[in-house]
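So the chains spell out like this:
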Amino acid sequence: MLTFSGTGTITASNLTCTACVNDAELASDYSGVGACTANKFVTTLTRNAVPTCTQPNFTDLAGTATAAQTPLATLLAGRSGTGNDTTLSTSADGTLYGSTTTAMDLILRANSADTTTGEVLVTAPQIRTPGFLMFDPDATTGRSFIQYFDGTETFSGAMLLNELLGGTYTMNNANSTMGAFSAASSVVLDWTAAPTFASSFFFAGPKVRASTAISSRLFRPFLAAPTFDANAATLTLTDNGMFEATPTYTITSAGVIAGSQRGFYTQATVGTGATLPTWRGFVFDDATGAGAVTTQVAIDIAALSKASSNMGIRNADTTVFSSGATQSIASGGATTIACSATFIEIDYPTGGAVTVSNNPTIPDSNDGQICLIMNVDSADTITLRDEAVSAGSNLRLPSHVNYAMAPRDTMTLMYSSALSDWIALASSHN
């Protein structure tokens, strides 16, 4: 019971509770005290205590969020369309699916205004695709479709612009192949206007600058260095070409082919004030390694018959035969001369006239090989023996007699495999 004491206005100070209302007299427990923290709502009221509070889940909400309320609204705008439901999976890898319908596309655009500005940036250390990475260059002239870095990078370690990762790639059927770079015969470059430049399927033209004293190979624009491994099997090589040029020339609709074509072309440009000590257009070095090579040919030209005028080599400049080290005839003449080059120089350091006495004087060699021998001794005569005079000498000399070579004299020979002898072509007393 509430009792009022005093006169005037009823206030909390002059009320006395002599028989308070209990729980049984109420419809439910009386409310607790306090409030929920931010972003939570009341789930349970407790007697004279802080209420129980919980943060809501998306499943507790009704209605649909507006585009302004969802940061990914543009990316997920297609969710309402059938077969156009862009979703990000809840799996650990976070896969982005363009659609649940087969053969649909996922299109990423930097902006909704145009297709020529803005960038789509992927800041992952590696991007991998099991399928094709394709570019559509329609109406986009003068562009490269793969660009690396921003042009101001500093290389502090090895950096590969294109790489086939290390590992074993098993070619397990007759159709297995790998093309590091390929433009198939089905590709047609159809010129409908005269170009000012040629199409280059491989172009390497950087400026290689030495900003410190350097003596090394700085730039190798093309390197073919495969290893052929006979792995417990017979490996029969069929003239694998490290570089092959096999063009085909055809005529369509009464067209005409004029001019000439180059299979391999090289030319150096030396700037004003610069001096290039040596320029070699083609270099063939000796094979290396512990294994054996049966035949080594630097330049091999087949018999030509297709043209009305066939030339194996046409040289509008000088031909130089390097002799290498002078071969010295041993005392008494017991020496075999090695025609290891086209031009051979011999001398007799012991002094006095000498006859080369070894059989053979020059060993058998390749059919058609030419050997030009010159006596570079300052005073001594060196005599070569003819096969008719000294059997086993392997030399067929003029008039079937021995040839006494005074200083500066020469003898030019050609080896014949049919005759198994070196045949004299010319001799000169100088």
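**Student:** How should the overall build of the protein be read in this particular structure?
**Tutor:** A count of helical and extended segments in the protein gives 0 helices and 15 strands. Taken across its 430 residues, the protein has 13% of its residues classed as buried. A separation of at least 24 residues holds for 35% of the contacts in the protein among residues at least 6 apart in sequence. For the protein, the exposed area adds up to about 35300 Å²; of that, 54% sits on carbon and sulfur atoms.

**Student:** Please clarify how the nonpolar core should be interpreted in this entry.
**Tutor:** The tendency in soluble globular proteins is for nonpolar side chains to be buried as a group. Ranked by internal contacts, the top residues of the largest apolar core, which has 21 residues, are Ile362, Ile373, Leu384, Leu413 and Trp422. Listed by contribution, the elements that provide at least two residues to this core are β8 (343–347), β10 (370–375), β11 (382–384), β13 (403–405) and β14 (410–416). Looking at this core, the element that brings in the most residues is β14, giving 3 residues. Those residues in contact with Ile362, other than ones at most four positions away along the chain, are Ile337, Cys339, Ile373, Ser393, Asn394, Leu395, Leu413 and Trp422.

**Student:** What exactly am I supposed to notice about the side chain of Asp347 here?
**Tutor:** Position of Asp347 relative to the elements: it lies in strand β8. Within the buried set, Asp347 has no salt-bridge partner at all; the shortest N-O distance to an opposite charge, 13 Å, is to Arg408. In this structure the side chain of Asp347 is engaged in a polar contact, spanning 2.8 Å, whose partner is the side chain of Ser328. Leave out the neighbours within four places in its chain, and Asp347 touches Thr326, Gln327, Ser328, Ile329, Asn375, Val376, Asp377 and Ile382.

**Student:** Please clarify how the sheet that holds strand β15 (residues 421–428) should be interpreted in this entry.
**Tutor:** Two strands in a sheet stick together by hydrogen bonds in their backbones, pointing the same way (parallel) or opposite ways (antiparallel). Within the open sheet, the 6 strands sit side by side as β7-β8-β10-β14-β15-β12. Their pairing is mixed. The open sheet has two edge strands, β7 (327–328) and β12 (395–396), and neither has a second partner. Relative to β15, β12 is paired through 2 bridges, and the arrangement is parallel. Along β15, the bridge assignment pairs Leu395 with Trp422.

**Student:** For this particular structure, what's the right way to read the packing of aromatic side chains?
**Tutor:** How two aromatic rings sit relative to each other is set out by the distance from centre to centre and by the angle between their planes. In total, this model carries 3 aromatic pairs according to the counting rule given. Taking the centre distance of 6.1 Å and the plane angle of 50 degrees together, the rings of Phe135 and Phe145 count as tilted. Of this pair, Phe135 sits in the loop between β6 (96–97) and β7 while Phe145 sits in the loop between β6 and β7; the two residues are 10 residues apart in sequence, bridging distant segments of the chain.

**Student:** Looking at this structure, I do not really get the state of the cysteines. What am I missing?
**Tutor:** If you walk through the whole model with that rule in mind, you get 2 disulfides. Covalent S-S linkage joins Cys36 and Cys53, the inter-sulfur distance amounting to 1.9 Å. Judged by the torsion about the S-S bond (-85 degrees), the Cys36/Cys53 disulfide is left-handed. Separated by 17 residues along the polypeptide, Cys36 in the loop between β2 (15–17) and β3 (41–44) and Cys53 in strand β4 (residues 52–54) bring together distant segments of the chain. At a sulfur-sulfur separation of 2.0 Å, the disulfide partner of Cys339 is Cys371. Classification of the bridge connecting Cys339 and Cys371 rests on its S-S torsion, roughly -80 degrees, and on that basis the disulfide is left-handed. Within this pair, whereas Cys339 is found in the loop between β7 and β8, its partner Cys371 is found in strand β10, the two being separated by 32 residues in sequence.

**Student:** What exactly am I supposed to notice about the sheet that holds β11 here?
**Tutor:** As summarised here, the arrangement of the 3 strands in space is β9-β11-β13, forming an open sheet in which the pairing is mixed. The outermost strands of the open sheet, each flanked by one partner alone, are β9 (354–355) and β13. Of the strand pairs in this sheet, β9 and β11 are connected by 2 bridges, and their pairing is parallel. Along β11, the bridge assignment pairs Thr355 with Thr383.

**Student:** Would you take a moment to explain unusual backbone geometry for this structure?
**Tutor:** Apart from glycine, the bulk of residues carry a negative phi angle, and the bulk of peptide bonds sit in the trans form. In this chain, Asn359 is followed by Pro360 through a cis amide linkage whose omega measures -5 degrees. Mapped onto the fold, Pro360 is located in the loop between β9 and β10. One non-glycine residue with positive phi stands out, namely Ala103, at about 70 degrees. With respect to the element layout, Ala103 can be found in the loop between β6 and β7. A relative accessible area of 72% places Ala103 in the exposed class. Non-glycine residue Ser420 carries a positive phi angle of around 55 degrees. Relative to the helices and strands, Ser420 is located in the loop between β14 and β15.

**Student:** When you look at the environment of Thr355 in this model, what are you seeing that I'm missing?
**Tutor:** Mapped onto the secondary structure, Thr355 falls in strand β9. In the structure, Thr355 is positioned 23 residues away from Gly332 in sequence and 7.4 Å away in space, judged by C-alpha atoms. Filtering out sequence-adjacent residues up to four positions away, Thr355 remains in contact with Gly332, Gly333, Thr383 and Arg385.

**Student:** So what exactly am I meant to see when it comes to the pairing of β10 here?
**Tutor:** Here β10 shows one buried face, formed by Cys371, Ile373 and Asn375, and one open face, formed by Ile370, Leu372 and Met374. The pairing of β8 with β10 spans 4 bridges and is classified as parallel. Its bridge partner lying in β10, Glu345 is registered against Met374. Note that β10 and β14 share 5 bridges and pair antiparallel. Counted as the bridge partner of Leu372 is Thr412 from β14.

**Student:** What's the story with the confidence of the model for the protein in this structure? I'm lost.
**Tutor:** For the protein, per-residue confidence averages 85 on the pLDDT scale, and residues scoring 70 or more make up 86% of the total. Counting contacts from residues 73–83, a segment whose pLDDT is below 50, to residues more than four positions away or on other chains yields 13 contacts.

What counts, and at which threshold
For every chain, the first residue of the written sequence is number 1, and numbering continues from 1 along that sequence. Selection of residues for local features in this predicted model requires a pLDDT of at least 70, selection of side-chain atom pairs for listing and counting requires 80 or more, and totals for whole chains, interfaces and linings are taken over all residues. Water and hydrogen atoms were dropped before computing side-chain values, which therefore reflect all heavy atoms in the structure. Secondary structure follows DSSP: runs of H or I at least 4 residues long count as helices, runs of E at least 2 residues long count as strands, and numbering of each begins at the N terminus. For each residue, the accessible area found with a 1.4 Å probe, counting protein chains only, is set against the maximum for its type, and the residue is called buried under 20%, exposed over 50%, and partly exposed in between. Between two residues, a contact is recorded if the distance between any of their heavy atoms is within 4.5 Å. Under the convention used here, a 1.4 Å probe and the Shrake-Rupley method define accessible areas, while residue burial counts only the protein chains that appear. Put simply, a nonpolar core is a bunch of buried Ala, Val, Leu, Ile, Met, Phe, Trp, Tyr and Cys residues held in one set by side-chain atoms that sit within 4.5 Å of each other. Within this scheme the basic residues Lys and Arg register as positive and the acidic residues Asp and Glu register as negative, but His and the chain ends are omitted. Salt bridge criterion: a side-chain nitrogen from Lys or Arg within 4 Å of a carboxyl oxygen from Asp or Glu. We call two N or O atoms a polar contact when they sit within 3.5 Å, provided that within protein one can donate a hydrogen and the other can accept it, with sequence-adjacent residues counted only if both atoms are side-chain atoms. At least two DSSP bridges between two strands are required for those strands to pair. Centre distance within 6.5 Å is the pairing criterion for rings of Phe, Tyr and Trp, where only the six-membered ring of Trp is used; planes under 30 degrees apart are then read as stacked, over 60 as edge-to-face, and the remainder as tilted. Any two cysteine sulfur atoms lying within 2.5 Å of each other are counted as a disulfide. The predictor's confidence in any single residue is recorded as pLDDT, a number from 0 to 100.

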